[in-house]
Amino acid sequence: MNDTSVLKSFIDPSKEITPQVKAYLGEIEEGLKLEHTTKKQGIELCASYTKTIDALLKTLYAMKKAELKCGASTAMVALGGYGRGELNIRSDIDLMLLYKNSITPEIEELTQQLLTILWDTGLDMGFSIRSIDECLELAKEDHKTMTALLDRRFLSGDESLYQELNRVVQEELFNNRNTNHFIEEKLKENAERHARFGGSIFILEPNVKEGEGGLRDVHAARWIINARGARAIEPFSLGLISDKDNADFYKAFDFLLWMRNELHFRANRKYDQLTFDHQVGIAKTLSEETFGTAPLGLKEREGTLPVESFMQLYYSHAANISHCSKLVLDRFLNADKRSSERAKTVDKLTDYAVLEGQLSIRDPELFSKKPFAVMQAFAYAHEQHLKLAVEVKDAILAISENPPEELRTSKESASSFLVMLKSDEPYRALFEMHELRLLEAYIPEFRNIRCRAQHDLYHVYTVDAHTLFAVRELERLTKEHKFDFPLLANIYEELKKPELLVLGVLFHDIGKSEGSGHAEKGAAMMPEICGRLHLSAVDTELVHFLVNKHLILANTAQYRDLSDEQLIIDFAREVGGIQRLNMLYLLTFADVRAVGPDVWSSWKGALFQELYFKTLSVLERGTFVIEEAAPRVDTIRAHVTELLEESSITASVVRQYFRLLPQKYFLSTPHEFIARHIRVLNSLESNPFVMNIRHDTHRVFTELVICTHDVHGLFSKITGVLAANGVDILGAEINTLRNGIVLDVLQVTNSLGELLISDTQLEKVESDLEDVITCKINVETLSGLHKKASILDSRPTPDVEVRVSFDNEVSETYTVLDLFAPNRVGLLYDVSSVLNSLGLFIRIAKISTKGSEASDIFYVKDIFGQKIYWKERLQEIREELCKQITERGKGMA
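Residue positions within a chain follow its written sequence, with the count starting from 1. Where local features are concerned, this predicted model is filtered to residues with pLDDT of at least 70; where side-chain atom pairs are given and counted, the filter is 80 or more; whole-chain, interface and lining totals use all residues. Calculation of side-chain values draws on the structure's entire complement of heavy atoms; hydrogens and water are dropped beforehand.

1. Observations concerning the overall build of the protein chain
Where we set the bar: Numbering of helices and strands runs from the N terminus, with a helix taken as a DSSP run of H or I at least four residues long and a strand as a DSSP run of E at least two residues long. Whether two residues are in contact is decided by their heavy atoms: any pair within 4.5 Å suffices. Charge counting treats Lys and Arg as positive and Asp and Glu as negative, with His and both chain ends excluded. Taken as the charge location is NZ of Lys, CZ of Arg, CG of Asp or CD of Glu.
Each helix and strand counted, the protein chain has 38 helices and 18 strands in total. Projected onto the principal axes, the alpha-carbon positions of the protein chain cover approximately 110 × 75 × 50 Å. In the protein chain, the proportion of contacts linking residues at least 24 apart, taken out of those at least 6 apart, comes to 70%. For the protein chain, the centre of its 105 positive side-chain charges and the centre of its 133 negative side-chain charges are spaced 1 Å apart.

2. Concerning the sheet that holds strand 2 (residues 93–99)
We apply this condition: Any two strands with at least two DSSP-identified bridges between them are counted as paired. Every axis in this analysis is a line fitted to C-alpha atoms, fitted for helices over the stretch in contact. Angles between the N-to-C directions lie between 0 and 180 degrees.
Judged by pairing direction, the sheet is mixed, and its four strands sit side by side in the order 3-2-1-4 without closing on themselves. Edge strands, defined here as strands with exactly one partner in the open sheet, are strand 3 (125–131) and strand 4 (153–157). Neighbour to neighbour, the strand axes of the sheet diverge by 25 degrees on average, direction disregarded. As defined by bridge partners, strand 1 (residues 74–79) adjoins strand 2 across six bridges and the pair is classed as antiparallel. Counterpart to L79 in the pairing with strand 2 is D94. Relative to strand 3, helix 5 (residues 105–120) is tilted by about 170 degrees, and along the sheet it contacts strand 1, strand 2 and strand 3.

3. Section: helix 28 (residues 565–575)
Worth spelling out the cut-off: Burial classes follow relative accessibility: with a 1.4 Å probe on protein chains only, a residue under 20% of its type's maximum area counts as buried, one over 50% as exposed, and anything between as partly exposed. Counting of polar contacts relies on pairs of N or O atoms within 3.5 Å, with two restrictions inside protein: one atom must be capable of donating a hydrogen and the other of accepting it, and residues adjacent in sequence are counted only when both atoms are side-chain atoms.
Turning to helix 28, its buried residues are L567, I568, I569, F571, A572 and V575. Of the surrounding secondary structure, the elements contacted by the buried residues of helix 28 are helix 26 (537–548), helix 27 (552–559), helix 29 (578–593) and helix 30 (602–621). The N-capping residue of helix 28, defined by a side-chain oxygen 3.0 Å from the backbone nitrogen of Q566, is D564. Positive phi shows up at G576, right after helix 28, with a value of about 95 degrees.

4. Section: unusual backbone geometry
Glycine aside, residues mostly have negative phi angles, and peptide bonds mostly take the trans form. Notably, R90 is not glycine yet its phi reads approximately 70 degrees, a positive angle. Mapped onto the elements, R90 comes out in the loop between helix 4 (80–84) and strand 2. One non-glycine residue, C451, adopts positive backbone phi at about 60 degrees. The residue C451 is located in the loop between helix 20 (438–442) and helix 21 (463–476) in this model.

5. Digging into the environment of K497
Position of K497 among the secondary structure elements: in the loop between helix 23 (486–493) and helix 24 (498–507). Looking at K497, the relative accessible area reads 33%, which means it is partly exposed. Discounting chain neighbours no more than four positions away, the residues touching K497 are D539 and M583. There is a polar contact of 2.8 Å between the side chain of K497 and the side chain of D539.

6. A few points about a negative patch on the surface
How we decide: In this analysis, a patch consists of residues with relative accessible area above 30% that form no salt bridge, clustered at 9 Å for like charges and at 5 Å for the nonpolar side chains Val, Leu, Ile, Met, Phe, Trp and Tyr. For the area figures, the Shrake-Rupley method with a 1.4 Å probe applies, and any residue is considered shielded solely by the protein chains shown. For salt bridges, the criterion is a side-chain nitrogen of Lys or Arg within 4 Å of an Asp or Glu carboxyl oxygen.
A cluster of acidic residues, D133, E134, E137, E141 and E172, forms a negative patch at the surface. With respect to the helices, strands and loops of the structure, E172 is situated in helix 8 (residues 159–173).

7. Focus on the environment of Y24
The residue Y24 is located in helix 2 (residues 17–39) in this model. Measuring from C-alpha to C-alpha, the distance between Y24 and I11 comes to 8.5 Å, with 13 residues separating the pair along the chain.

8. What to know about the packing of aromatic side chains
Defined as follows: Any Phe, Tyr or Trp ring, taking Trp's six-membered ring, that has another such ring centre within 6.5 Å forms a pair; planes under 30 degrees apart are called stacked, those over 60 apart edge-to-face, and the others tilted. Only Lys NZ and Arg CZ are tested; either one counts as a charge over a ring when it is within 6 Å of the ring centre and within 35 degrees of the ring normal.
What the rule picks out here adds up to 22 aromatic pairs. Centroid distance Y657 to F666: 5.9 Å. Interplanar angle 85 degrees. Geometry classified as edge-to-face. Since its relative accessible area comes to 1%, F666 is described here as buried. By way of ring pairs, the aromatic residues F485, F589, W600 and F608 are connected into one cluster. Above the ring of Y82, the side-chain terminus of R153 is found at 5.2 Å from the ring centroid.

9. Examining helix 15 (residues 373–384)
To keep it simple, the criterion reads: Expected span of a helix, by definition, is 1.5 Å for each gap between consecutive residues, and there is one gap fewer than residues.
Taking 1.5 Å of rise per residue, the twelve residues of helix 15 would be expected to cover 16 Å, and the 16 Å separating its terminal C-alpha atoms lies within 8% of that figure. Within the span of helix 15, buried status applies to A373, V374, M375, A377, F378, A379, Y380, A381 and H382. In the stretch just after helix 15, H385 is the one whose phi turns positive, near 55 degrees.

10. Details of the environment of A557
Examined against the element boundaries, A557 turns out to sit in helix 27. Each residue touching A557, except ones within four places of it in the same chain, is listed here: L562, L607, F608, L611 and K846.

11. Section: the nonpolar core
To keep it simple, the criterion reads: We define a nonpolar core as any set of buried Ala, Val, Leu, Ile, Met, Phe, Trp, Tyr and Cys residues linked to one another through side-chain atoms lying within 4.5 Å.
Among the nonpolar cores identified, the biggest contains 159 residues, and F367, F417, L430, L501, L503 and F507 are the most heavily contacted of them. Other than its neighbours up to four places away in sequence, F417 contacts M375, L430, M433, L439, Y442, L503, L506 and L533. Listed in part, the 51 residues of the second largest apolar core include F689, L756, F858 and L874.

12. Notes on the pattern of salt bridges
Two side chains that carry opposite charge are able to pair once their charged atoms sit near each other. Tallied over the entire structure, the rule returns 51 salt bridges. Here K549 and E574 are joined by a salt bridge, their closest N and O atoms 2.9 Å apart. One end of the pair, K549, is in the loop between helix 26 and helix 27; the other, E574, is in helix 28, with 25 residues separating them in the sequence. What makes K549 partly exposed here is its relative accessible area of 23%. For E574, a relative accessible area of 36% gives the class partly exposed. Each of the salt bridges in this network shares a partner with another, and the network as a whole consists of R676, R694, D696, R699 and E703.

13. Describing the sheet that holds strand 14 (residues 741–750)
If you trace the eight strands from one edge of the open sheet to the other, you get 11-12-14-13-17-18-16-15, paired in antiparallel fashion. Two strands lie at the open edges of the sheet, namely strand 11 (689–696) and strand 15 (803–807), each paired on one side alone. This sheet shows a mean twist of 20 degrees between the axes of neighbouring strands, independent of strand direction. Note that strand 13 (residues 727–736) and strand 14 share nine bridges and pair antiparallel. Its bridge partner lying in strand 14, E733 is registered against V745. Where helix 35 (residues 714–724) meets the sheet, its contacts fall on strand 12 (701–709), strand 13, strand 14 and strand 17 (841–850), and the angle it forms with strand 14 comes to roughly 25 degrees.

14. Focus on the pairing of strand 3
Successive side chains on a regular strand alternate, one facing one side of the sheet and the next facing the other. Put simply, the test is: Handedness of a crossover is defined as follows: with both strands directed away from the viewer, a clockwise route from the first strand across the helix to the second makes it right-handed.
Strand direction decides the pairing type here: strand 2 and strand 3, joined by seven bridges, are parallel. Following the sheet pairing, D94 is matched in strand 3 by G126. In the classification by handedness, the crossover that spans strand 2, the intervening helix 5 and the parallel strand 3 is right-handed.

15. Description of a nonpolar patch on the surface
Judged by side-chain polarity, F841, I863 and F864 come together as a nonpolar surface patch covering roughly 380 Å² of accessible area. Relative to the helices and strands, F864 is located in the loop between strand 18 (853–861) and helix 38 (871–892). By relative accessible area, F864 is classed as exposed at 66%.

Set out below in structure tokens:
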């Protein structure tokens, strides 16, 4: 018994039809949901759901035609995903009622009764009524209608009328002129869609339908190829891709259809965004289960969460969809360019030929006979800006599936590979190698980070995509970054062996396949990899250093006190030389900028540059010893006195100021800033406080100098006022003078990361500071300090655990407290309040965010001015911070 017969037996025409249809659909959907959960197949379930809707529409159409005695010539035509037979649960059901000549009253009544039932069932219907002429006229004006007609499928009614539609569409709509224009528009639309939905397969929360590597890539390939014949064929079965690619494609396509059904079931509506909460939920569902016949293996491995394993699976399938869709289109659209008989022979390389800007091979077996020729061809095409002919790509794909040892180990391959890395466009070469699977064939260790996800808001891309984007940042230093980052561009240009830096960038995260400690684990792979690349021992050691130490410059600059001379000397000693420093600086720049579009900031750049110059000074000096302080301080005092000569501030006032602060302050603070601070202090007089404002347009922050008499919990109060007024703190230095006056220097921005230039906002900050410092109001009462997140702003994010660690080695006089916690308004106020309640004094605070995680450091002492060594005391601080931050965070959720 077919589905239509089952439905007819289910419906009693003597009773109201709509409730019966809803009950039938509900029963069918429950069965489909069980099938979806147990079988975990996408293509089969979508086909089953399509048949269910087919049966419903055919039955209702026949019943209503008979009931109304409608003899007009009409046909029901399925369009879109429904027409393709790939209808996802809760998706739009696009249906067209095709009529002949003109609409009659009986057709209008038939339409009205059908729509009333269908809409009342809750189905998401897209319904149109058209004649063949109207279809043709509308399609010529509307690209979407023209596209929809490619997915047409006859359902019921006058089949001869449908066949006439077929003829007209083929002969009049998709003729050569129209088809070529349609294909151009579709290719342009494809590129625009990719850009609109993130510009990459490997984004944090991909759209499984519209994003790159999503289902729409498959649809686009089908539309473009079907447009040539205006009929429904399956382009992925035309022999345009290998059997392996074909198998990978259908496995990926099945997975994405299942994934879309899963999202729709979970949301109980059409919903295609794979958000963080859905990622975690689906990963949990699939853990220890299988998908089809292949184990997912979503077990928690060391350093890898189940959700990261799941997303790696998703990205792998999405990459296969993208790869196969591009291959099919490329081979179909360039089918007439496959012959190289008329190609011009390349003088240097007789095995190759060039035709119309494409490099081709004369012998189809060339790469099998001489594997190193693969890299040779790539290098020549890269150098001459040639495209690889289709047959060359085919041959590369074939050899990449089972690469011979000679490809990876020959000197010829290594030489060609390094030439590409030394060029001005290493990213362009590596990106195409990655797309053709050659990069992982040549560097097999790279395969383990392909599509590897990191479940946080900081790492926007997968590890392999981030790595290639980091190389792109280096490449841009020779192009658009040349004027934006002139120092870095000059350093890069002056490198004697830029290919070694590119290798360091290419391999810097390769150890992430091994879990935690990726820098050390990646560095351990370098001797073997560099050996295959035939690098010298010296060059191998340099690449090893870059991979092993690629985090130290960013971590030191962002999370440590750069005014600490011993810290700078220790850092310089660890780096060891100017060449290494230059490459490490460039790698850090590329690494941070490639993490995500909003990760780099002028503030971070300024910190990196400060550490670079301070370290360079030590390395150029050639000695890792702190210079004697007293003579330097005397010179600084004399210069500051000169700077203040035109003001009313005398030399004796300057001498007194130099007695009030430790030498470290004067050695680490620019002379003009010391003079500014003296002016601020001199203006305090009988005022409760003074706030001085300076805008740093180059580094894009506003510096606030707040001078007042020290009171218990002052820094906590200042951070509370700033948080309540929407001011973000980047860093802070708390200078307590020996006369009981405090000079706090804070680098701040507004909530958008811009200069704090709003007079209204600054006036409000100043007013609130005065009220809090003079105890007119309690900082806790300020509105906005503990403002709950708006429901409009809230979105699912990965969980961030509160973590606290201590370092008593990095500073001689302070305990360094590292805090990691969920980022939110008022966090710094809460932390400083807790530290204050624990009897700790903050000297320096540095604030950083990584997506939804705040990464803050504090240089602290106890009430006796000592570092904190006791394990019991450190544990007490850790527990209290974790407890208070967690509880206060819940109160704002």
